[in-house]
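Listed below, chain by chain, are the residues.
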Amino acid sequence: MDSGVVVDFAHLGVTYANGVVALSDLSLTIAADQAVCVVGPSGCGKTTLLRVLAGLERATQGGVQLSRSATLAMVFQQGLLFPWLSVADNISYGLMTRGVTPPQCRAAAREWCERMGLQRFIDAFPHQLSGGMQQRVGLARALAVNPDVLLLDEPFAALDAQTRVLMQELLVDLRRQGLCRSLLLVTHAIDEALLVGDRVVVLSARPGRIIADVTPELAHGRSFDEIRAQPAFTQAFTTIWQLIRGEVEAQLREEVTL
Amino acid sequence: MTQSRWLTWLSPVLLLVLWEVAVQLNLLNRVFIPPPSEVMVALAKALRDGSMEHDILVSSQRIVLGFVIGAVPGTLLGIWSGLNRTVLALVRPLATMLYPVPKIALLPLVIVVLGIGEVSKVATVAVSVFLMVVIHTIGGVLQIDQRYFEAARVFGANQRTIFRTVALPASLPAIVEGWKLAMGFALTLIVGVEFVGANDGIGYRIWQSYELYAIADMMAAVCVIAGLGWVVTVVLDEVARLLVPWRYTTVKESRMSVIRTWWGAVRPWSYTAAIVPVLLGAAIAAQHVGLNWWLLILALIGSIAIQGGTNLMNDYYDYRKGTDTPAVKGTGGALLRGELTPTQIFWAGITAFAIGATIGLYLVSVTGPFIFWLGLCSVAVGYFYTAGPFALAYVGLGEIAVFIFMGPVMVLGSYYLQIPTVAWPAVWVSLPVAFVVAAILHANNLRDIDTDRINNKRTLATIFGRDGARIEYYILVGGTFVSQWVLVALGVAPWPTLVTLAMLPLAWKLMGIAGREVDPAALQPVLRQTAVLHMRFGLLYVLGWVIALWV
């Protein structure tokens, strides 16, 4: 494996016990400090890709390799915080399992709460928070373990449109601060993929194969509105949308004939 | 009280009134359906002659024992079955099959096997509790969203951590729910069991009254079992709040467990100041006479009640004067966070004072007017500590009031209960305790020196300034030890009391922090540790006096 590569999916295939082929012959590498976003029609196996990497799903062909001693953390759909733990205990969960002492856990939780604007809620339970706050806790829980690769599974899909934009900006901002290194984000929102990722990988309908691997030449480091206004953004968006649209339409036709 | 609270009381009261009226107007036959007033008379009579007490105790014992014997293994087996497929396959069919069998139907069988004694009654309750708890616990564990296990695994949790941080807390709500249902079951069952094969217990009492056609007695017993059921429900609800807090905190009101809220508001840990002087007075008196334990215990309860009342009033008036902020630890905190209302605090304070006063009056009736004046002054100082236009704590007299009243006055009072003479040695002996108790208060004022200045709360600390206040802390903590050494040197206190020397390192450390730190957060431990110093020093000092009884 290359020295600069953190994650290497090689000819990955996943077939579920019920015979559904989720992924087939998928190869993808993620470089250190790279933000890769995976987009595709729903049901294309995007999430399966993440689950294999996280060790929650087994590859039936090929596999995935992590660079030596690389650590992972994951942000789940709708946060998936532990309802019985306070915000502080949720944030420091990954530290606790790694044997960090309670006072240090608390200190880390406090630091992340400040960074995420959650100081007032440090002792609250998740259900007392809004969706956006919950997902900020989810993000803090993942980043608190200082992972080499951050996995995000449709993290902002359940949020309202305004909150979603703020969360995307927050994520980009955290990356700019160097708090988040490599990143693999799975989403069905093309604009989200373009705004957050350095590189956008487009998957086909099931079984998921890579049909495009785009590195849009966007001038990052500006506000989202400015990025959106660039012709390159519109162009990349249209290209990706055409690809996915074709897949979705094909999928629909297939379902109709079935 | 809100309107809905009134309404919830209205229907039961109305029912009782209608019932009473109907009987009095002879619309209902008094022989078959006695009026509530008659039932209450029967209840009072049964409680007074002690027979009801015995039955309550016996029934409660059977329920609690049966519940514990059934619920503990039931919970463990339920969790195990929920987590392990093999165990589940073995346990679930059996539990599901036996569950619908009315357990009372098994009583004759149980009696055949275990005899008619106590064991068979407890066993019947235990078996049904066990089955109910097993089934609910299995359900609770199985319904856990698998994604929580996945999240825990992704974050590196091992099997044990997953059990502790996911499986157990996630299934707790269902487990506790199962306990509640099982307890209700146990109550129903015990009455049935006692109908049949018992010589005591509330169920037996109901049946016996029925056979004697003493309907009022029967209804009185029914009231008692209903009351028991109510108590059990309240207790288990409290348990649920403690074990499953995340289920009981809503976005709007974060209602803490009642016990925890009051625990924080009443500050039981501060009672070291109420307990140590009473023990000390008794320990000194014990050098001359045999102790009257009854009076000692009453004095302790009374002293704690007055301290509790003082704490509550303190919070109430601090809140009214606006000196506390929500950040304030513990107490005023509960009020400001809206967990308790000012009215609740006020009445709780009054209640505590009333308990203290009642005990005080009793003690006065056994010992004499000296205690009356002592108690009256103490209550007055407690009340005017923060209340009224001339609140002692706000004009720099807090330390002096505490020094006198939580030192010599209390020790002397406790001594006087045992030996009704005003003994000056008891006053001298109390000085070390007086110093250290004043040090607690002063640690508080030292911490709050800046905020008190802003709020115009005059304490010795704000009057002396920070340097002066530090010296005052040295004097109070140092005086604790030095005064005691003088007492030992003069032969007033016995030499074994020097065991308090063990506390010297702590005192030294505290003086160091107090002399160094400025930040209230850094001074917070000084306050807490000074209270610890008071407790440990005080108890060791008392211990010294107790040892002196033998050496």
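Preceding this section is the structure that the text describes.
All of these numbers come straight from a predicted model, not from anything done at the bench.

Here is what the cut-offs are and how they apply
- Residues numbered from 1 in each chain as written.
- Chains lettered and ligands numbered in written order.
- Predicted model: local features only at pLDDT ≥ 70, side-chain atom pairs only at ≥ 80, totals over all residues.
- Heavy atoms only, no water.
- Helix = DSSP H or I, 4+ residues; strand = E, 2+ residues; numbered from the N terminus.
- Buried < 20%, exposed > 50% of the residue type's maximum accessible area, 1.4 Å probe, protein only.
- Contact = heavy atoms within 4.5 Å.
- Areas by Shrake-Rupley, 256 points an atom, 1.4 Å probe, with all protein chains shown as cover.
- Buried area = accessible area lost by both parts, 1.4 Å probe.
- Salt bridge = Lys/Arg side-chain N within 4 Å of Asp/Glu carboxyl O.
- Polar contact = N/O pair within 3.5 Å; in protein donor to acceptor, adjacent residues only side chain to side chain.
- Patch = residues over 30% accessible without salt bridge, like charges linked within 9 Å, V, L, I, M, F, W, Y side chains within 5 Å.
- Pairing = 2+ DSSP bridges.
- Axes fitted to C-alpha atoms, helices over the stretch in contact; angles between N-to-C directions.
- Lys, Arg positive; Asp, Glu negative; His and termini not counted.
- Charge placed at Lys NZ, Arg CZ, Asp CG, Glu CD.
- Core = buried A, V, L, I, M, F, W, Y, C linked by side-chain atoms within 4.5 Å.
- Phe/Tyr/Trp six-rings, centres within 6.5 Å; stacked < 30°, edge-to-face > 60°.

Caption draft 1: Main features of the overall build of chain B. Looking only at helices and strands, one finds 24 helices and 0 strands in chain B. Within chain B, the fraction of its 551 residues that count as buried is 50%. A separation threshold of at least 6 residues defines the contact pool for chain B, and within that pool the share at least 24 residues apart is 72%. When the accessible surface of chain B is split by element, carbon and sulfur atoms take 71% of a total near 27,400 Å².

Caption draft 2: Local environment of the overall build of chain A. For chain A, the count of helices and strands is 9 helices and 9 strands. Looking at chain A as a whole, 51% of its 258 residues are labelled buried. For chain A, contacts bridging at least 24 residues in sequence account for 70% of all contacts bridging at least 6. Within the structure as shown, chain A displays about 11,500 Å² of accessible surface, and the carbon and sulfur contribution to it stands at 50%.

Caption draft 3: Representation of the interface of chain B and chain A within the structure. In this complex, chain B contributes 22 residues to the contact, which on the side of chain A involves 21 residues. Carbon and sulfur atoms supply 69% of the area that chain B and chain A bury against each other, a total of about 2,000 Å² over both sides. For the pair chain B and chain A, the number of links is 1 salt bridge. Scanning the region where chain B abuts chain A turns up 6 residue pairs in polar contact (both at pLDDT 80 or more). Among the elements that make up the side of chain B that touches chain A, the one with the highest residue count is helix α7 (residues 146–154) of chain B (7 residues).

Caption draft 4: View of a nonpolar patch on the surface. Residues Trp 9, Val 13, Val 17, Val 21, Leu 25, Leu 27, Leu 28, Val 31, Phe 32, Ile 33 and Tyr 213 of chain B make up a contiguous nonpolar surface patch of about 1,100 Å² in total accessible area. Tracing the backbone shows Ile 33 of chain B in the loop between α1 (3–24) and α2 (36–48).

Caption draft 5: Spatial organisation of the sheet that holds strand β4 (residues 61–66) of chain A. All names here are of chain A. Taking strand neighbours across the sheet as the criterion, the 3 strands line up as β2-β1-β4 in an open arrangement whose pairing is antiparallel. Looking at strand neighbours, the two that pair on one side only are β2 (21–31) and β4, the edges of this open sheet. Each strand axis lies, on average, 15° off the axis of its neighbour in the sheet, ignoring direction. Note that strand β1 (residues 5–15) and β2 share 7 bridges and pair antiparallel. From the neighbouring strand, Asp 8 faces β2, where its bridge partner is Thr 29.

Caption draft 6: Quick look at a negative patch on the surface. All names here are of chain A. On the surface, a cluster of negative charge is made up of Glu 169, Asp 173, Asp 225 and Glu 226. Of all the secondary-structure elements, those providing two or more residues to the negative patch are α6 (161–176) and α8 (224–229). Residue position: Asp 225 is located in helix α8.

Caption draft 7: Region of the structure containing the sheet that holds strand β7 (residues 182–187) of chain A. Residues and elements named next belong to chain A. The 6 strands lie next to each other as β5-β6-β7-β3-β8-β9, forming an open sheet whose pairing is mixed. Two strands in the sheet have a free side with no partner beyond their single neighbour: β5 (72–75) and β9 (210–214). Within the sheet, the average angular offset between the axes of one strand and its neighbour, ignoring direction, is 15°. Bridge count for β5 against strand β6 (residues 149–153) is 4 bridges, and the pairing is parallel. Paired with Leu 72 across the bridge in β6 is Val 149. Across the sheet, helix α1 (residues 46–53) touches β3 (35–39), β5, β6, β7 and β8 (199–203), and the angle it forms with β7 is around 145°. In the packing of helix α5 (residues 131–143) onto the sheet, the strands contacted are β5 and β6, and the crossing angle to β5 comes to about 175°.

Caption draft 8: Just unusual backbone geometry, in detail. All names here are of chain A. Of note, Asp 33 is a non-glycine position whose phi angle comes to about 65°, a positive value. A positive phi angle is found at Asn 146, which is not glycine, with a value near 50°. For Asn 146, the location among the structural elements is in the loop between α5 and β6. Asn 146 sits in the partly exposed class, given a relative accessible area of 43%.

Caption draft 9: Structural view of the nonpolar core. Grouped together as the largest cluster of nonpolar side chains are 141 residues, with contacts concentrated most on Leu 139 and Leu 150 of chain A. By residue number, the principal contributor to this core is helix α8 (residues 159–196) of chain B, which donates 14 residues. When sequence neighbours within four positions are dropped, the list of residues in contact with Leu 139 of chain A reads Val 75, Met 116, Leu 150, Leu 152, Met 167, Leu 170, Leu 171 and Leu 174 of chain A. Residues Leu 412, Ala 426, Met 503 and Ala 507 of chain B belong to the second largest nonpolar core, which totals 48 residues.

Caption draft 10: Just the packing of aromatic side chains, in detail. Summed over all chains, the structure comprises 18 aromatic pairs over all chains. Arranged with centres 5.9 Å apart and planes meeting at 35°, the rings of Phe 82 of chain A and Trp 84 of chain A form a pair that is tilted. Neither Phe 82 of chain A nor Trp 84 of chain A differs from the other in exposure class; each is buried. Considering the side-chain rings of Trp 207 of chain B and Tyr 210 of chain B, the 5.2 Å spacing of their centres and the 50° angle between planes classify their relative orientation as tilted. Remark: Tyr 210 of chain B and Trp 207 of chain B occur in helix α9 (residues 202–211); sequence separation between them is 3 residues, near one turn of the helix. In this structure Trp 207 of chain B comes out as partly exposed when scored by relative accessible area, which is 34%. Here Tyr 210 of chain B falls in the partly exposed class, since its relative accessible area comes to 43%.

Caption draft 11: Structural context of the pairing of β9 of chain A. Residues and elements named next belong to chain A. With 4 bridges joining them, β8 and β9 adopt antiparallel strand pairing. Along β9, the bridge assignment pairs Val 201 with Asp 213. Between the end of β8 and the start of β9, which pair antiparallel, lie 6 residues.

Caption draft 12: Main features of the pattern of salt bridges. Scanning the entire structure with this criterion turns up 22 salt bridges over all chains. Measuring nitrogen to oxygen at the nearest pair gives 3.0 Å for the salt bridge that ties Asp 148 of chain A to Arg 181 of chain A. Residue Asp 148 of chain A is found in the loop between α5 and β6, and its partner Arg 181 of chain A is found in the loop between α6 and β7; the two are separated by 33 residues along the sequence. Look at Asp 148 of chain A and you get partly exposed, because its relative accessible area is 22%. The salt bridge partner of Arg 447 of chain B is Asp 448 of chain B, with a shortest N-O separation of 2.8 Å. The pair formed by Arg 447 of chain B and Asp 448 of chain B is uniform in burial state, with each residue classed as buried. Among the charged side chains, a salt-bridge network with shared partners connects Arg 62, Glu 118, Glu 194 and Asp 200 of chain B.

On their own, these measurements won't tell you what the molecule is for.
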